[in-house]
Amino acid sequence: MTESQGRGPLPYGLRCDHRVEPLGLDEPAPLLSWRLSSGRRGDAPAGYRVRVRDEDGTQVWDTGAVDDPSAVSVRYGGPALRARTRYLWTVAVAGADGAWTQEGSWFETGMQGPSAWTAAWITHDPSVLDVVDAPEEGELALADHGLQPAVRLRKAFEVPAAPAGARLYVTARGLYEMRVNGERVGDAELAPGWTDYRDRVDYQVHDVTGLLRPGTNMLAATVADGWWSGFAGFDPRRPGAHYGTFPQLLAELHLVHAGGAVDVIATGGDWQSARSPVRYADLLKGECHDLRRETPGWDLPAGDRDDAGWLPAWVAGTDPSRLTASAAPPVRAVRELPARSVTRAGENRFLVDFGQNFAGRVRLTARGLTRGDRVVVRHGEALDDAGGLYTANLRTADATDVLIAGDDAETVFEPRFTYHGFRHVEVTGLTALDAGDITGVVLHSDTPWAGEFTCSDPGIDRLHQAICWGQRSNFVSVPTDCPQRDERLGWLADAQVFLPTACLNADVAAFFDGWLREVRGAQSPDGAFTNVAPRLAGVADEGAPGWGDAGVLIPWHLYQVYGDERFLERNLDAMCAWVDHIHRHNPGLVWTRRVGPHFADWLAPAPTPRDVLATAYFARSADLTARAAGVLGRDETAARYGALAGHIRKTFTERFATPDGRIHGDTQTGYLLALAFGLLPAELVPGAVRRLAELVEEAGPGLTTGFLGVGLIAPVLDAHGHADLAHALLRRTDPPSWLYPLGHGATTVWERWDGYTAERGFQAAAMNSFNHYALGSVGEWLHRGVAGLDQAPGSAGYRELLIRPRPGDLTSASARYESVRGTVATAWSRHDGVFDLRVTVPPGATATVHVPTDDPAGVRESGVPAADAPGVRIAGAGPRELRCRIASGEYRFTAGLH
Ligand code: BGC
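1. Here we look at the overall build of the protein chain
The helix and strand tally for the protein chain stands at 15 helices and 48 strands. On C-alpha atoms alone, the protein chain measures out to a radius of gyration of 28 Å, which is about the 29 Å that the 2.2 N^0.38 rule sets for 898 residues. Once the C-alpha set of the protein chain is aligned to its principal axes, its extents read approximately 85 × 70 × 60 Å. Counting over 898 residues, the protein chain shows a buried share of 62%. Contacts in the protein chain between residues at least 24 apart in sequence constitute 74% of all its contacts with a sequence separation of at least 6. As presented, the protein chain carries roughly 30800 Å² of accessible surface, and 50% of it is formed by carbon and sulfur atoms. Here the protein chain contributes 87 positively and 112 negatively charged side chains, and the mean placements of these two sets differ by 3 Å.

Given below as structure tokens:
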């Protein structure tokens, strides 16, 4: 789509609302954004021009040439967007030399409001679902577990001529998979995703033009329980307790003909329904597929179709009022893992190791079957001491999939409506199993991967990989705590502590934008955020310190990373209400009342006093609310919360700090919160830092932090002159440490520092996940500290970079990040007393580079003295560094460092 190849900065990576070519958008003023690249040092855009046309080519909006060298996005500001319409848009960027370069993309609007829907919620008549079958070996008793078969729905319809366009607008209460003429529609998994269905159900849009043909066509669906009517969380109650009792489908197929006429095929009583051969499918329990009940051709327009067992669909409701276009990327089968080993464990039993803990399912080719044979696949994260599958830590999540053979001797089994967290599986019921017959299918919300990190220590590289796998495994529709046991909840603190790391690994803007709707939606009328979102019956509602505060911390952090003020606009009222709620119940400014289930510094070896921790978070939330209001120009609000934050800080100091900077409780986390949140007056900071460093030293050096302190320890030590201690913690290998689990079989970050020890074996099974990302929040410091790729304080959207590597005794490290402005990167190495630092700064951004050196005067850039290098300005020198200001481009500094 490039119109002219100017020499100026080139736009690329166009996004609409942080998504690539989104299909189905209900947002009235979407954000159109682009990134910039350039081969020239010092290049910066002079301005931009965005134009939007509708599908007929009529221009609907033109910004005109906008003279703004910092812009990499603009909010659509034209006339109201029409529903179900594709818009084409272009951005042209002007270089300093006046040449324009243009790129194009598109977005398509969705239903834009409930009134547009004519479809009804349909299902199979629940009274004839037949859920009382006697269970057979390996299967769960349906009635005992409240499980029920999945449901098939279909409708045949005529298409006189191939339509010009066809869109399927679809959702489910439960999970759906759609088919057109036997072909699967789209590649989303576990759709429509998890929301609090009482408030909101996301719908998706699929382009199905290519799947239709003139004549008779068949639109078909399978719906299963999912989060709607299946087990969710650790509530032992039967399904139905959370949202609904049986799965339902709602869909509209819009056939757009050449002249513009539209035919709509909508779910209603004129559809057919039947019980599916999926005898049950549950996210926690697993899935059972009975091929004896399979009716091939059920989803085809004609031919062998067997109408026996089909009934008129049961209309469960017609209310479309809670439908919203999904903002987040769908869950997808993102990659596959081959089996690393297959071991025979009994006559018809095999153990398979995928070598990696992950969330997903397996695809299994089963051979040598006779009708009625059962193949049972159990999932687990580890093996027990006897070499068998260890499942005690899954609690009530059976995580067991069952295939019941039909007439075919060979079949491929891949469950569709469940997922598990596992590394190992046990397969029973087969006489032979080759490694090539079983594949791990990795599922996660398809957030585009955006970051890389590597360094000279293979242990730290493995830690980084484990952190990334924790992210993949736990970003499944919502940010979950763990993927394996009967929990998998959107715990707010886990999400907030991990967010800075997550943002450096992947583009999570749309993912969190979607989830923040749940966070806001769950807020109580009194202003309390919850502990989990989507909210779930059976989980203590009112947000604990550090948990509820995520409703403030997350939007703020997203704004900083993505520079999109809408994260603040959409959340500011909720942020204010949360701070007001705490304030109302704690007028003395020490947060002791309405602390929800106060989880404190969860799982910390050294507990921090609860009032210290809570009050620190109260101050933090008030402060960030003030800053958010300031960004939005809401000055009065900013002043009010700013003053409140000041009073809380003062109270914190008076109540909890001694004149020499000691914090009540004297724990690492206490100092970390006080320092990270800027709670202490300047004169107390040195004492607090000194004591923090002593505590770290005394512990080994070691850490005694829990979930809330752990992400702060390396950045705070670094910020206060103790990067050496941060490195010492990073490289420690005995517990509690990040590397200890990696020496004991971990491929993901554990929930507990000592989930398994050689002396004791497994930690208590009641709470021992091997795939929790919270303690992996140190990932942020790998990028920002070790590799030195950071934003300057006060910068949003990577406008102002801070490049400050912390080499420690490593010999190299590098990080690369695809920011909203373009690629930012650092790569350093040190050999023979020479420190070599490469930096990439995208057009329009600037950076301050701290070059570590013991000879500031000798620093060179691309071979010439730094002071003479184009695009480089010396900003100062310290005893062990030279500070330079640089414009966009690629730089290579070399400096003496011993
Ligand atoms: C979860 C955590 C969560 C915590 C609340 C646990 O069961 O797994 O990650 O934040 O409960 O303290």
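2. Comments concerning the site of the ligand
For the ligand, the full set of nearby residues is Asp481, Arg485, Glu487, Trp491, Asp494, Trp547, Phe599, Trp602, Phe707, Glu751 and His772. Asp481 places a side-chain nitrogen or oxygen 2.6 Å from an oxygen atom of the ligand. The side chain of His772 places a nitrogen or oxygen atom 2.9 Å from an oxygen atom of the ligand. Bound to the protein, the ligand loses 96% of the 310 Å² it would expose on its own. Taken together, the residues of the shell around the ligand sort by class into five nonpolar, one polar and five charged.

3. Notes on the sheet that holds strand 46 (residues 872-878)
Within a sheet, adjacent strands bond to each other through the backbone by hydrogen bonds, running parallel or antiparallel. Spatially, 38-39-43-47-46 is the arrangement adopted by the five strands of the open sheet, whose pairing is mixed. A single partner strand is all that each edge strand has here, and the edge strands are strand 38 (789-791) and strand 46. Across the sheet, the axes of successive neighbouring strands diverge by a mean angle of 20°, strand direction being ignored. Sheet topology places strand 39 (residues 800-803) next to strand 43 (residues 846-852); four bridges connect them, and they run parallel. Within the sheet, the bridge partner assigned to Leu801 lies in strand 43 and is Ala847.

4. What to know about the sheet that holds strand 4 (residues 59-62)
One open sheet holds the four strands; their spatial order is 4-3-6-7, and the pairing between them is antiparallel. Both edges of this open sheet fall to strand 4 and strand 7 (100-108), since each of them pairs with a single strand only. Each strand of the sheet is rotated relative to its neighbour by a mean of 20°, with strand direction disregarded.

5. Here we look at the environment of Leu801
By the secondary structure assignment, Leu801 is in strand 39. A C-alpha to C-alpha distance of 8.3 Å links Leu801 and Val849, two positions 48 residues apart in sequence. Residue contacts for Leu801: discarding those within four places in its chain leaves Asp790, Gln791, Ala792, Val824, Thr840, Val841, Pro842, Thr846, Ala847 and Thr848.

6. Here we look at the nonpolar core
Grouped together as the largest cluster of nonpolar side chains are 192 residues, with contacts concentrated most on Phe512, Tyr562, Leu680, Trp738 and Phe893. The leading source of residues in this core is helix 8 (residues 610-631), at twelve residues. The residues touching Tyr562, leaving out its near neighbours within four places in the chain, are His18, Cys503, Ala506, Asp507, Val508, Ala509, Phe567, Gly797, Tyr817 and Val820. Of all hydrophobic cores here, the second largest spans 27 residues; its members include Val185, Val223, Trp271 and Ala313.

7. So, unusual backbone geometry
At the junction of Ala191 and Pro192, the peptide bond is cis and its omega measures out at 10° in the coordinates. Locating Pro192 in the fold gives a position in the loop between strand 12 (183-184) and strand 13 (201-207). Following Gly700, the chain continues into Pro701 via a peptide bond in cis, with omega recorded as 0°. In this structure, His18 takes a positive phi of about 65° despite not being glycine. By the element assignment, His18 lies in the loop between strand 1 (10-16) and strand 2 (31-37). According to the relative accessible area criterion, His18 is buried, its value standing at 10%. You will see that Ala399, though not glycine, has its phi angle at about 45°, which is positive. Assignment of secondary structure puts Ala399 in the loop between strand 28 (389-390) and strand 29 (400-404).

8. Focus: the pairing of strand 48 (residues 889-896)
Burial of the side chains of strand 48 is restricted to one face: Gly889, Tyr891, Phe893 and Ala895 are buried, whereas none of Glu890, Arg892, Thr894 and Gly896 on the reverse face is. Across eight bridges, the pairing between strand 42 (residues 834-841) and strand 48 is antiparallel. Looking across to strand 48, one finds that Val834 is bridged to Gly896.

9. Points about the pattern of salt bridges
If you walk through the whole model with that rule in mind, you get 71 salt bridges. A salt bridge links Asp353 to Arg423; its shortest N-O distance comes to 2.8 Å. Of this pair, Asp353 sits in strand 25 (residues 349-366) while Arg423 sits in strand 31 (residues 420-428), and the two are 70 residues apart along the sequence. Using a relative accessible area of 13% as the deciding quantity, one classes Arg423 as buried. A salt bridge links Asp526 to Arg594, with the shortest nitrogen-to-oxygen separation between them at 3.8 Å. You can see Asp526 sitting in the loop between helix 5 (509-521) and helix 6 (550-562) and its partner Arg594 sitting in the loop between helix 7 (566-585) and helix 8, a full 68 residues away along the chain. Classification of Asp526 as partly exposed rests on a relative accessible area of 24%. Residues participating in the shared-partner salt-bridge network are Glu177, Arg179, Arg184, Glu189, Asp299, Glu336, Arg361, Arg363, Glu414 and Arg416.

10. Here we look at the environment of Val264
Note that Val264 resides in strand 16 (residues 262-266). Since its relative accessible area comes to 38%, Val264 is described here as partly exposed. Remark: the alpha-carbon pair of Val264 and Arg167, spanning 97 residues in sequence, is separated by 9.7 Å. Apart from residues lying up to four places away in sequence, Val264 is in contact with Thr118, Glu252, Leu253 and His254.

11. Overview of the side chain of Thr853
Mapped onto the elements of the fold, Thr853 is located in the loop between strand 43 and strand 44 (860-861). Residue classification places Thr853 among the buried residues on the basis of a relative accessible area of 0%. Excluding its chain neighbours within four sequence positions, the residues that come into contact with Thr853 are Val859, Pro879, Arg880, Glu881, Leu882, Ala895, Gly896 and Leu897.

12. Looking at helix 5
When the terminal C-alpha atoms of helix 5 are compared, their 18 Å separation across 13 residues agrees well with the 18 Å that a helix rising 1.5 Å per residue should span. Within helix 5, ten of the 13 residues are buried, which leaves the element mostly enclosed by the surrounding structure. Those residues of helix 5 lying buried are Ala509, Ala510, Phe511, Phe512, Asp513, Gly514, Trp515, Leu516, Glu518 and Val519. Here the buried face of helix 5 lies against strand 32 (438-445), strand 34 (475-476), strand 35 (478-479), helix 4 (492-505), helix 6 and helix 7.

Conventions adopted
Residues numbered from 1 in each chain as written. Predicted model: local features only at pLDDT ≥ 70, side-chain atom pairs only at ≥ 80, totals over all residues. Heavy atoms only, no water. Helix = DSSP H or I, 4+ residues; strand = E, 2+ residues; numbered from the N terminus. Rg over C-alpha atoms; globule rule 2.2 N^0.38 Å. Buried < 20%, exposed > 50% of the residue type's maximum accessible area, 1.4 Å probe, protein only. Contact = heavy atoms within 4.5 Å. Areas by Shrake-Rupley, 256 points an atom, 1.4 Å probe, with all protein chains shown as cover. Lys, Arg positive; Asp, Glu negative; His and termini not counted. Charge placed at Lys NZ, Arg CZ, Asp CG, Glu CD. Near = heavy atom within 4 Å. Polar contact = N/O pair within 3.5 Å; in protein donor to acceptor, adjacent residues only side chain to side chain. Nonpolar A, V, L, I, M, F, W, Y, C, P; charged D, E, K, R; others polar. Pairing = 2+ DSSP bridges. Axes fitted to C-alpha atoms, helices over the stretch in contact; angles between N-to-C directions. Core = buried A, V, L, I, M, F, W, Y, C linked by side-chain atoms within 4.5 Å. Salt bridge = Lys/Arg side-chain N within 4 Å of Asp/Glu carboxyl O. Expected span 1.5 Å × (residues − 1).

This is a description of form; function is not addressed.
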